[in-house]
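Observations on chain architecture
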Amino acid sequence: MGAEHLGLFDGIFSRGGAGTGSHAWLRAMLDTEAALARALERAGLAPGGAGAAVTDAAATAPFDPGALGRRAALSGNPVPALVAELRKAVPPDAADTVHRGATSQDIIDTAAMLLARAALDRLADDLAAAADGCAVLAAAHRDTMMIGRTLLQPAVPVTFGLVAAGWLTGLDEAADAVARVRAARLAVQFGGAAGTLASLGADGPAVASLLAQELGLALPVLPWHADRSRIIDVAAVCAGAAAALSKIARDVTLYAQSEVGEVRESGGAAAGERRGGSSAMPHKQNPVAAIAILGCTRRVPGLVATLVAAAEQEHQRAAGAWHAEWEPFADLLRVTGSAAAWGAEVTGGLIVDPARMRANLDATGGLPLAERVAGLLVPALGRAQAHDLVARASAHAVAVGVTLRESLLGVPELAGWLDGAGITSAQIDEALDPAGYLGSAGAFTDAALDAHARRQE
């Protein structure tokens with residue numbers, strides 16, 4: 001089986017390399033059938049050599065996903081057609097071993113777990129790479145001051161190190177969740193027609209255990225045909241990873257606006273090409289990687305919602321809800337993995353402009369330090385009067401286009417209040433120094449870096 005054909009949009013949405021297309025599904029289904037044959041032989045339920053024969057045919061026979069897909073219309077899923085072709089490809093004495101005891105859902109659900117395992121492994125690697133990039137940024141810019149922004153408006157000063165530390169913690173926590181699901185929630189599915197393995201008699205549980213061993217998946221307490229919590233758990237960690245990645249991407253797109261200019265992407269385009277250009281505007285340098293992350297992560301909530309809706313499954317096996325999972329599950333793994341791959345590129349190559357950050361902070365005219373100035377006045381004026389005085393000074397500064405210092409010291413009425421409170425211009429200058437109003441930004445950044453380092457021990 002050859003590689004998947006690349007589509008027009010795969011450079012954006014399939015960057016992570018998670019195998020979730022038709023060939024990957026088929027490979028996982030064949031791996032499951034081969035493992036089942038080996039498990040049956042180990043349990044003494046198949047002739048000697050049958051496991052190897054099925055495994056060899058599964059690895060070498062020329063199965064066509066398109067042909068199997070067309071035949072899926074006859075049965076509602078592609079497994080019966082696959083089983084028929086696999087039986088033709090093995091020696092006659094091994095044909096009865098193929099698919100023995102299984103139902104179609106066993107093969108597709110187990111294949112989904114194999115796809116998830118490979119995709120989560122790749123996702124974990126890319127989340128770790130993105131987090132390492134954030135750690136470098138946080139350490140390098142621990143004390144780089146910038147304006148904090150709340151509700152998209154200037155707030156109090158922060159540091160870019162703290163911003164990157166926030167990104168880092170989000171990625172590390174998302175990676176921890178991925179690891180937990182990867183370790184504990186990916187389980188083999190083997191229940192037969194209605195979850196009883198009746199066709200295998202008393203040997204059913206033993207075969208299930210051997211199948212789990214062959215595939216390196218967990219052995220569930222019982223078949224989970226109509227219990228879709230494992231699918232939901234995979235979806236949830238994808239959603240968590242997407243949330244952490246989209247936070248970074250949105251921040252980057254905002255900081256990279258020309259009017260802000262505090263960061264920019266380094267590029268990463270092939271030789272002779274320039275990433276970030278526009279088909280209509282030659283001057284553009286768009287933050288393509290961050291935009292691509294957002295293009296991927298915006299699709300995640302809808303995919304997760306479909307999987308959650310499909311989790312309501314009737315009786316022992318569902319009519320339609322199970323079928324509704326296949327493509328959204330694969331798409332979710334694909335776009336989340338792609339977002340993480342883009343994320344590693346963004347954080348590993350982000351160019352930060354500390355001078356522009358300081359310029360943007362200074363351009364606020366000291367207004368973000370109004371809270372600190374009010375605190376300086378509280379002992380003399382009381383909290384309410386101090387707040388009112390600084391609010392009036394801030395409003396005047398905005399109205400006439402001067403700094404908060406100029407308003408406080410230049411308006412006679414306001415200056416009189418300050419004199420009466422015994423507040424000097426030197427004290428005002430100290431209160432308006434952003435370096436003195438960063439709170440625990442440095443300590444928080446250090447804590448995030450320490451936690452990240454401990455995860456790598």
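In this text, all values refer to a predicted model and were calculated from it rather than measured experimentally. (Residues numbered from 1 in each chain as written. Predicted model: local features only at pLDDT ≥ 70, side-chain atom pairs only at ≥ 80, totals over all residues. Heavy atoms only, no water.)

1. Comments concerning the overall build of the protein
Looking only at helices and strands, the protein has 19 helices and 4 strands in total. Computed over its C-alpha atoms, the radius of gyration of the protein comes to 30 Å, more than 25% above the 23 Å expected for a compact globule of 457 residues. Once the C-alpha set of the protein is aligned to its principal axes, its extents read approximately 100 × 50 × 40 Å. Evaluated residue by residue, the protein yields a buried proportion of 49% over its 457 residues. Sequence separation of 24 or more characterises 76% of the internal contacts of the protein that already satisfy a separation of 6 or more. A total accessible area of about 20600 Å² is found for the protein, and carbon and sulfur atoms account for 56% of it. Taking the average place of the 36 positive charges on the side chains of the protein and the average place of its 48 negative ones, the gap between the two points comes to 3 Å. (Helix = DSSP H or I, 4+ residues; strand = E, 2+ residues; numbered from the N terminus. Rg over C-alpha atoms; globule rule 2.2 N^0.38 Å. Buried < 20%, exposed > 50% of the residue type's maximum accessible area, 1.4 Å probe, protein only. Contact = heavy atoms within 4.5 Å. Areas by Shrake-Rupley, 256 points an atom, 1.4 Å probe, with all protein chains shown as cover. Lys, Arg positive; Asp, Glu negative; His and termini not counted. Charge placed at Lys NZ, Arg CZ, Asp CG, Glu CD.)

2. Overview of the environment of V79
Structurally, V79 can be placed in helix α5 (residues 79-89). With relative accessibility at 1%, the residue V79 sits in the buried group. A C-alpha to C-alpha distance of 9.4 Å links V79 and L26, two positions 53 residues apart in sequence. Setting aside chain neighbours within four positions, we find V79 in contact with M29, E33, H99, S104, I107 and I108.

3. Things to note about the nonpolar core
When a protein is soluble and globular, its nonpolar side chains tend to lie buried together. In this structure, L86, L127, F160, W167, L171, F190 and F329 are the most contacted members of the largest nonpolar core, which totals 124 residues. If you look at the next biggest cluster of nonpolar residues, it comprises 21 residues, including A370, A374, A393 and L404. (Core = buried A, V, L, I, M, F, W, Y, C linked by side-chain atoms within 4.5 Å.)

4. A look at the packing of aromatic side chains
Applying the stated criterion across every chain yields a total of 3 aromatic pairs. Pairing F160 with W167 gives two aromatic rings, centres 5.7 Å apart and planes at 90°, and the pair type is edge-to-face. Under the relative-accessibility criterion, F160 is labelled buried at 0%. Taking the relative accessible area as the measure of exposure, W167 reaches 2% and is therefore buried. Summarising the aromatic geometry, the rings of F160 and Y255 are spaced 6.4 Å apart at their centres and angled 75° between planes, so their arrangement reads as edge-to-face. (Phe/Tyr/Trp six-rings, centres within 6.5 Å; stacked < 30°, edge-to-face > 60°.)

5. A few points about the packing of helix α7 (residues 160-184) against helix α9 (residues 229-255)
It is the contact of α7 with α9, at a shortest axis distance of 9 Å, that shows an interaxial angle of 165°. By the angle between their directions, the pair α7 and α9 is classed as roughly antiparallel. Like other packed secondary-structure pairs, α7 and α9 cross with a definite hand, here left-handed. Grouping the constituent residues of the contact of α7 with α9 by class yields 17 nonpolar, 2 polar and 4 charged. (Axes fitted to C-alpha atoms, helices over the stretch in contact; angles between N-to-C directions. Parallel < 35°, antiparallel > 145°, perpendicular 65-115°, else oblique. Left-handed = near helix turned anticlockwise from the far one by under 90°. Nonpolar A, V, L, I, M, F, W, Y, C, P; charged D, E, K, R; others polar.)

6. Re the state of the cysteines
Formally, a disulfide is one covalent bond, and it connects the sulfur atom of one cysteine to the sulfur atom of another. One pass over the full model with this rule turns up 0 disulfides. Not part of a disulfide, C134 finds its nearest cysteine sulfur in C296, a span of 17 Å. The class of C134 is buried, set by a relative accessible area of 0%. Left unpaired, C296 is separated from the closest cysteine sulfur, that of C238, by 12 Å. What makes C296 buried here is its relative accessible area of 0%. (Disulfide = S-S within 2.5 Å.)

7. A short note on unusual backbone geometry
Positive phi is not limited to glycine here, since H99 has a value of about 70°. Checked against the element boundaries, H99 lands in the loop between α5 and α6 (104-140). On the accessibility criterion, H99 (12% relative accessible area) is buried. We note that L151 has phi near 55°; this positive angle belongs to a residue other than glycine.

8. Some thoughts on the side chain of R228
By secondary structure assignment, the location of R228 is in the loop between α8 (204-215) and α9. By relative accessible area, R228 is classed as buried at 2%.

9. Quick look at empty space enclosed by the protein
Across all of its chains, the model carries 2 cavities of 30 Å³ or more by this definition. Put simply, the largest cavity is a space of about 50 Å³. What lines the largest cavity is W25, I108, D109, A112, R228, I231, W322, E325, W326 and F329. Counting residues per element, the lining of the largest cavity draws most heavily on helix α12 (residues 321-348), at 4 residues. Taken together, the residues of the lining of the largest cavity sort by class into 7 nonpolar, no polar and 3 charged. (1 Å grid on protein atoms, 1.4 Å probe; cavity = no way out; pocket = protein on both sides within 12 Å on 5 of 7 lines; lining within 4 Å. Points joined across faces, edges and corners; volume = space filled by probe spheres on them.)

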